[in-house]
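Fold and contact review
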Amino acid sequence: MDHNLATLKNAFASPRAFYDDANFPRGFGRSGHFTLQEAEILERCGATLRSLYSKAAEPQNSFQSQFIQVMEGLIPPTNAVEKAWAKYLKHTTCKTKFHTLFGRSKVQNDGSVVIPADIDDEL
């Protein structure tokens, strides 16, 4: 179902704007995670998408039925709305890993320091 963006926005139209202040306090567009088009889709259609995703609402058209199938993992996301919501879920539900360049030695209960075996003696 490759349709233009205006048709998709009408299919998922919501009477109110969608904001996620807990995860994106400065808005979707300023978060650095979404393109301007994705941010607009989330703001305009996010309330409908959230209610469909949480099964609080029933699908009203074929686009919404397809969205449900995508969220259940039956088919891959094919349009901009489905891809934007999948990206939103990726950034809000997946734990991010924090990597550092500096390691820490493990301190045992008796106060002695255990240096991991993979560290070279040249330190």
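Higher on the page you've got the structure.
Fair warning: this is a prediction, and the values are worked out from it, not measured in the lab.

What counts and how
Residues numbered from 1 in each chain as written. Predicted model: local features only at pLDDT ≥ 70, side-chain atom pairs only at ≥ 80, totals over all residues. Heavy atoms only, no water. Helix = DSSP H or I, 4+ residues; strand = E, 2+ residues; numbered from the N terminus. Buried < 20%, exposed > 50% of the residue type's maximum accessible area, 1.4 Å probe, protein only. Phe/Tyr/Trp six-rings, centres within 6.5 Å; stacked < 30°, edge-to-face > 60°. Core = buried A, V, L, I, M, F, W, Y, C linked by side-chain atoms within 4.5 Å. Contact = heavy atoms within 4.5 Å. Salt bridge = Lys/Arg side-chain N within 4 Å of Asp/Glu carboxyl O.

Let us look at the side chain of serine 14. Relative to the elements of secondary structure, serine 14 occurs in the loop between helix H1 (5-11) and helix H2 (36-53). Taking the relative accessible area as the measure of exposure, serine 14 reaches 18% and is therefore buried.

Right, let's get into the packing of aromatic side chains. On inspection of all chains with the given rule, the structure shows 11 aromatic pairs. Ring centres 6.0 Å apart and planes at 50° place the aromatic pair phenylalanine 18 and tryptophan 85 in the tilted group. Of the two residues, phenylalanine 18 sits in the loop between H1 and H2 while tryptophan 85 sits in helix H4 (residues 80-93), which places them 67 residues apart along the sequence. Taken as a pair, phenylalanine 18 and tryptophan 85 share a single burial class, namely buried. One aromatic cluster in this structure is built from Phe18, Phe24, Phe28, Phe34, Tyr53, Trp85 and Tyr88.

Formed by 21 residues in total, the largest nonpolar core has its most connected members in Phe12, Phe28, Leu49, Trp85 and Tyr88. Counting only elements with at least two residues in this core, the list comes to H1, H2, helix H3 (62-71) and H4. Broken down by element, this core gets its largest block of residues, 6 residues, from H2. Every residue in contact with tyrosine 88, bar those within four places of it in the chain, is listed here: Phe18, Asp20, Phe24, Phe28, Phe34, Leu42 and Arg50.

Going through the model one piece at a time under the given rule, you end up with 4 salt bridges. Two residues, glutamate 40 and lysine 9, come together in a salt bridge whose shortest N-O distance is 2.8 Å. Taken together, the positions of glutamate 40 in helix H2 and lysine 9 in helix H1 put the pair 31 residues apart, joining distant regions of the chain. Across the pair glutamate 72 and lysine 55 runs a salt bridge whose closest N-O atoms are separated by 3.4 Å. Residue glutamate 72 is located in the loop between H3 and H4, and its partner lysine 55 is located in the loop between H2 and H3; the two are separated by 17 residues in the primary sequence. Connected through shared salt-bridge partners, Lys9, Glu40 and Arg44 make up one network.

Keep in mind that these numbers describe shape and distance, not what the molecule does.
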